[in-house]
Amino acid sequence: MKPVPHATSLRRAPVQRRSAERLTRILDACAELLDEVGYDALSTRAVALRAGVPIGSVYRFFGNKRQMADALAQRNLERYTERVTERLKKAHPGDWRAAMDAVLDEYLAMKRTAPGFSLVDFGNQIPVGVRKAEPNTRVADRLTRLLSGYLDRTPDDGLRRVFLVAVESADTLVQLAFRTDPDGDEAIITETRELLRAYLARVLD
């Protein structure tokens, strides 16, 4: 079992394996319930019941459901990074188009299959409809660190700005694709891919 990242929203980080496994069950239950009942109807008591843990175990880690959702978002980012990293192992170093496809494809895959992801993704959709810059900045920072070595680029402010613009643009268009079609409108996704290729080619070719 992979360890759960120590989210900044945690009241107490798990130390023992048993405690880490309990935290994993709590976040899994939170993700499932977000899909089933939505954020407004989510409760710490329901999460505890679904996870099969005492309510006190939930409060040991989280003061409220917002902190739980934040921790789930951070876990999503860690898992997303792992998925992109695995994809890049199979690509030719320096191929930024393959890297871009990995970044977009793995996001789409999580959007379609990861429990709770459609509501929290990396932390920028709760309350529903609220769009804050911080999560996209966090994603851009992570991609800068992850891809700079693969692309043999210096992870400077210029590269970070390029990735931030790409992430913000892709985020807006992917949200549009999933508003148009619950599975993601393929025509809009294709246009998104072409837009990203045209923008990144100016900098990375």
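1. Examining the overall build of the protein
The number of helices and strands found in the protein is 9 helices and 0 strands. For the protein, the N- to C-terminal ordering of α and β elements is α-α-α-α-α-α-α-α-α. Residues counted as buried form 46% of the 205 residues belonging to the protein. Considering only contacts within the protein whose residues lie at least 6 apart along the sequence, 64% involve residues at least 24 apart. As displayed, the protein has an accessible area near 10700 Å², and 51% of this comes from carbon and sulfur atoms.

2. Quick notes on the side chain of aspartate 121
Relative to the helices and strands, aspartate 121 is located in the loop between helix 6 (117-120) and helix 7 (133-151). No salt bridge is formed by the buried aspartate 121. Its closest oppositely charged neighbour is lysine 111, at 4.7 Å. There is a polar contact of 3.5 Å between the side chain of aspartate 121 and the side chain of tyrosine 107. Excluding anything up to four places from it in sequence, aspartate 121 contacts Ala73, Asn76, Tyr107, Gly116 and Gln175.

3. Some thoughts on the nonpolar core
Core analysis: the biggest nonpolar cluster contains 37 residues, and Tyr80, Leu88, Phe122, Leu147, Leu151 and Leu200 have the highest contact counts within it. Looking at this core element by element, the count peaks at 10 residues for helix 5 (residues 96-113). In terms of nonpolar packing, the next biggest core, distinct from the first, is built from 23 residues, Ile26, Leu27, Leu33 and Leu72 among them.

4. Describing the pattern of salt bridges
The tally for this structure, following the rule as stated, stands at 15 salt bridges. A salt bridge links arginine 97 to aspartate 205, with the shortest nitrogen-to-oxygen separation between them at 3.0 Å. Taken together, the residues span a long stretch of sequence, with arginine 97 in helix 5 and aspartate 205 in the segment after helix 9 (186-204) at a distance of 108 residues. Overall, the relative accessible area of 31% leaves arginine 97 in the partly exposed class. For arginine 197, the salt bridge goes to aspartate 101, with nearest N and O atoms at 3.1 Å. Remark: aspartate 101 occurs in helix 5 and arginine 197 occurs in helix 9; sequence separation between them is 96 residues. It is possible to trace a salt-bridge network through shared partners that takes in Arg83, Arg87, Asp101, Asp105, Glu106, Arg193 and Arg197.

5. A short note on the environment of arginine 75
Mapped onto the elements of the fold, arginine 75 is located in helix 4 (residues 65-89). Arginine 75 gets classed as buried once you look at its relative accessible area, which sits at 5%.

6. Looking at the packing of aromatic side chains
In the structure shown here, the tally under the stated rule is 6 aromatic pairs. On the numbers, 5.6 Å between centres and 65 degrees between planes, the contact of tyrosine 107 with phenylalanine 117 is edge-to-face. Linking tyrosine 107 in helix 5 with phenylalanine 117 in helix 6, this pair joins segments that are 10 residues apart in sequence. Residues tyrosine 107 and phenylalanine 117 agree in their burial class; the two are buried.

7. A short note on helix 8 (residues 157-180)
In a regular helix each residue adds 1.5 Å, so 24 residues correspond to 34 Å; helix 8 covers 35 Å between its end C-alpha atoms and thus fits that length. Taken together, the buried positions of helix 8 are Leu159, Val162, Phe163, Ala166, Val167, Ala170, Asp171, Val174, Gln175, Ala177 and Phe178.

8. Regarding unusual backbone geometry
A positive phi angle, close to 25 degrees, is found at aspartate 121, a residue other than glycine. By relative accessible area, aspartate 121 is classed as buried at 1%.

9. Re empty space enclosed by the protein
One pass over the full model with this rule turns up 3 cavities of 30 Å³ or more. Of the pockets and cavities examined, the largest cavity occupies roughly 330 Å³. Around the largest cavity, the lining comprises 24 residues; the ones closest to its centre are Tyr80, Val103, Leu143, Val167 and Ala170. In the lining of the largest cavity, the residues fall into 20 nonpolar, 2 polar and 2 charged.

Calculation rules
Residues numbered from 1 in each chain as written. Predicted model: local features only at pLDDT ≥ 70, side-chain atom pairs only at ≥ 80, totals over all residues. Heavy atoms only, no water. Helix = DSSP H or I, 4+ residues; strand = E, 2+ residues; numbered from the N terminus. Buried < 20%, exposed > 50% of the residue type's maximum accessible area, 1.4 Å probe, protein only. Contact = heavy atoms within 4.5 Å. Areas by Shrake-Rupley, 256 points an atom, 1.4 Å probe, with all protein chains shown as cover. Lys, Arg positive; Asp, Glu negative; His and termini not counted. Salt bridge = Lys/Arg side-chain N within 4 Å of Asp/Glu carboxyl O. Polar contact = N/O pair within 3.5 Å; in protein donor to acceptor, adjacent residues only side chain to side chain. Core = buried A, V, L, I, M, F, W, Y, C linked by side-chain atoms within 4.5 Å. Phe/Tyr/Trp six-rings, centres within 6.5 Å; stacked < 30°, edge-to-face > 60°. Expected span 1.5 Å × (residues − 1). 1 Å grid on protein atoms, 1.4 Å probe; cavity = no way out; pocket = protein on both sides within 12 Å on 5 of 7 lines; lining within 4 Å. Points joined across faces, edges and corners; volume = space filled by probe spheres on them. Nonpolar A, V, L, I, M, F, W, Y, C, P; charged D, E, K, R; others polar.

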